[in-house]
Amino acid sequence: MNRPAGGPAGAQRAAELEPVTALKGVGVALAERLRKLGVETVQDLLFLLPLRYEDRTRTVPIGSLRPGDRAVIEGTVDLAEIVFRKKRALLVRLGDGTGSITLRFFYFSGAQQEQLVRGTRLRCFGEVRRGPLGLEIVHPEYRRAEARDAQATTDRLTPVYPATEGVQQGRLRVLTALALEKVAASDVHDWLPPALLAGEDLPTLAAALEYVHRPPPDAELELLAAGMHPAQRRLAFEELLAHQLSLRMLRRSVRRDPAWPMAGPGELEQRFASSLPFSLTGAQQRVLAELRVDVAKPHPMLRLVQGDVGSGKTVVAAMGALRAVESDCQAALMAPTELLAEQHFQNFQRWFEPLGIGVTLLSGRLTGRARQLTLDSIAAGKVPVVIGTHALFQAGVKFAKLGLAIVDEQHRFGVHQRLALREKGISGGRYPHQLVMTATPIPRTLAMTAYADLDVSVIDELPPGRTPIVTVVLPESRRDEVVARIHGQCLEGRQAYWVCPLIEESELLEAQAAEETAAALAAALPDVRVGLVHGRMAPADKERSMARFKAGEIQLLVATTVIEVGVDVPNASLMVIENAERMGLAQLHQLRGRVGRGAAASSCVLLYKGPLSQTARARLTTMRETTDGFEVARRDLELRGPGEFLGTRQAGLMQLKVADLTRDADVLPKVQRTAEVMLDSHPDNIAPLLRRWIGAGARYAKA
Ligand code: ADP
Ligand code: MG
């Protein structure tokens, strides 16, 4: 069934590309609703893949139902009535001799009402819940069952499609069946070169599609539910390949775009380097050398720099900015929080002013006329270095000649923000070079999957003289000991952070908790100067607190997780994290990275409230056992799986239908190899494959 691929792209069989209206019973109105789901062609229907399956082959006695069950039931209508409570509803009482249940319809037609009368036999499917009259099913799928039909059951596992507003599941099942029929005659075109799948023992594309949409009666629900069936593996491979190709195409096209070549003599960098109180580490130098080669080209650099917390990424960014300035270009640095943007601004100002280079902060706080003036001077090219939050790339911001766009802590931004930055940064018809930095190390295969459009550099060395942070895990009941420890530290002239619990639902509650904690700690430590910083404070107040902490006026800084990324106060050597069991590993590691930045021995106390879940325990143990960011990331990946590890925002680029980065991780190397072969030998097959899996709207598939 595998048709040899490699023919001209236009040869794709017409049946797949026909509009959905070519299917029986699909009119303009339905086509419009389907279009909203991204389904326009017959092919789109084929690749609208089931999320899961339900075994509806057995009817369940009504008497044995429990709330939460999803089940097929069959019975006779005992009573049907329309009731008005808050809303008009049609209630149908269905019984089968073992018990009875209410079917509740809020929307129903006159025809339905006529059909659902006493004595009618119905076969229903739906989720059972507790209602005011006992168990009920709201809007069950149902059909009339004839008496003879009582034993007959649907012979297949029923596919459940992704939530589809305005189009019922039953309708989608009919539509996909029609689509399968339609292409059955002409066969679905396989864009994978057959040689690539030889020896894999996977079904053909057509067989795989048929199987997942219409699993045969003997299909194993468990294998399907786990996504491990060869048909699913076949499709998952192809889907991952499509995503890989799409990023690789993006990468290729980006590298053909024009950019300002920045190849100055490096005089500014030298002057800056000699003004620093330290010399660069070997790793920093290596990454800078890579960067210099990239930005000297007339095509944009796209480089991800991974470096553990405290490895000195900011200096690398500063060097990059100087290279841009030396080439008469502007540089922009985007940070995920106002606090961090402010800190970068202060550092850059301190570093660059002696070199005669202006630095501007474009914060969300800047409004009205002051903002307009700043925007004007950026647009006129009067400020060479601009620092800000994502506000940097909002409408109204225009650069005169942006040579380098730097994204700090890029894992906190979405992929789309990163890509938007590219488009926004165009000036004089050229794209900026991009330097993206993250402290979250990503294992190689995963990086090649999620960031296939980027080159990766690693700062795998910490500045010399750092003593490893000692981490202890303590129950809440030992809080007093921790308070005493803070006292001791502060008496020695050192500083400490106290991070209050994360309250995801409410920033307000989180701020209140922080205020209370600060008050309690100030009372317990009368001779310690306690300060506070949280997300609800006015930006100016936040900055004042941070500045006073930096200057040593505040000894103990009580904070929410706003200080998670970037904050750099080398004299702080004790980090206390409350309710550490609620936080993820990446976050704990980042927070802990706020200490251990100077030569003094630092420690981190993780306070927890029991009982601990198994994963919480594993996270805390990891924190105690290692300070190596790569090791932390490896365990994090183990505990969470790649999807969650990358974060939903990161994974936003990969809205996968059948594939799963955790489950299908083993095929990633093969996906990468196959992508190479397709790019080299079957370039014409790529566009139709992307169209099939990612759709016409794939923003990053700038092919
Ligand atoms: P991160 O990689 O987490 O962004 P930073 O850039 O904030 O790290 O650097 C952490 C600290 O290390 C800063 O105080 C910075 O000045 C210092 N630092 C950076 N590079 C070096 C170096 N080569 N030697 C000594 N200290 C350094
Ligand atoms: Mg940093």
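Please read all numbers here as calculations on a predicted model, not as lab measurements.

What counts and what doesn't
- Residues numbered from 1 in each chain as written.
- Chains lettered and ligands numbered in written order.
- Predicted model: local features only at pLDDT ≥ 70, side-chain atom pairs only at ≥ 80, totals over all residues.
- Heavy atoms only, no water.
- Near = heavy atom within 4 Å.
- Polar contact = N/O pair within 3.5 Å; in protein donor to acceptor, adjacent residues only side chain to side chain.
- Areas by Shrake-Rupley, 256 points an atom, 1.4 Å probe, with all protein chains shown as cover.
- Nonpolar A, V, L, I, M, F, W, Y, C, P; charged D, E, K, R; others polar.
- Buried < 20%, exposed > 50% of the residue type's maximum accessible area, 1.4 Å probe, protein only.
- Helix = DSSP H or I, 4+ residues; strand = E, 2+ residues; numbered from the N terminus.
- Arc of directions from axis to C-beta.
- Salt bridge = Lys/Arg side-chain N within 4 Å of Asp/Glu carboxyl O.
- Lys, Arg positive; Asp, Glu negative; His and termini not counted.
- Pairing = 2+ DSSP bridges.
- Axes fitted to C-alpha atoms, helices over the stretch in contact; angles between N-to-C directions.

(A) Layout of the site of ligand 1. Taken together, 16 residues lie near ligand 1, and Gly310, Lys313, Thr314, Arg466 and Asp568 sit nearest. Arg597 is positioned such that a nitrogen or oxygen atom in its side chain is 3.1 Å from an oxygen atom of ligand 1. Look at ligand 1: alone it shows 570 Å² of surface, and the protein chains cover 88% of it. Classifying every residue of the shell around ligand 1 by side-chain character gives four nonpolar, seven polar and five charged.

(B) Spatial organisation of helix H2 (residues 28-36). Within the span of H2, buried status applies to Leu30, Ala31 and Leu34. Buried residues in H2, looked at end-on, bunch into an arc of 100°, giving them a common side. Among the exposed residues of H2, those oriented more than 90 degrees off its buried face are Val28, Ala29 and Lys36. Positive phi shows up at Gly38, right after H2, with a value of about 80°.

(C) The arrangement of the pattern of salt bridges in detail. On inspection of all chains with the given rule, the structure shows 36 salt bridges. In this structure, the salt-bridge partner of Glu141 is Arg173, at a minimum N-O distance of 2.5 Å. Of this pair, Glu141 sits in strand E7 (residues 141-144) while Arg173 is found in helix H5 (residues 169-184), placing the two residues 32 residues apart along the sequence. Owing to a relative accessible area of 28%, Glu141 belongs among the partly exposed residues under this scheme. Given a relative accessible area of 15%, Arg173 falls into the buried group. Between Glu238 and Arg234 there is a salt bridge whose closest N-O contact spans 2.7 Å.

(D) Broad picture of the side chain of Glu409. With respect to the secondary-structure elements, Glu409 resides in the loop between strand E13 (402-407) and helix H15 (415-424). With no salt bridge to any partner, buried Glu409 finds its closest opposite charge in Lys313, at an N-O distance of 5.2 Å. Separated by 3.4 Å, the side chains of Glu409 and Gln590 make a polar contact.

(E) Spotlight on the sheet that holds strand E16 (residues 470-475). Within the open sheet, the six strands sit side by side as E16-E21-E20-E17-E19-E18. Their pairing is parallel. Strands with a single pairing partner mark the edges of an open sheet, and in this sheet they are E16 and strand E18 (530-533). Pairs of neighbouring strands in the sheet enclose a mean axial angle of 20°, with direction left out of account. In this structure, E18 lies alongside strand E19 (residues 556-559), joined through four bridges in parallel fashion. If you follow Gly531 over to E19, its bridge partner there is Leu557.

These values are about where atoms sit, not about what they do.
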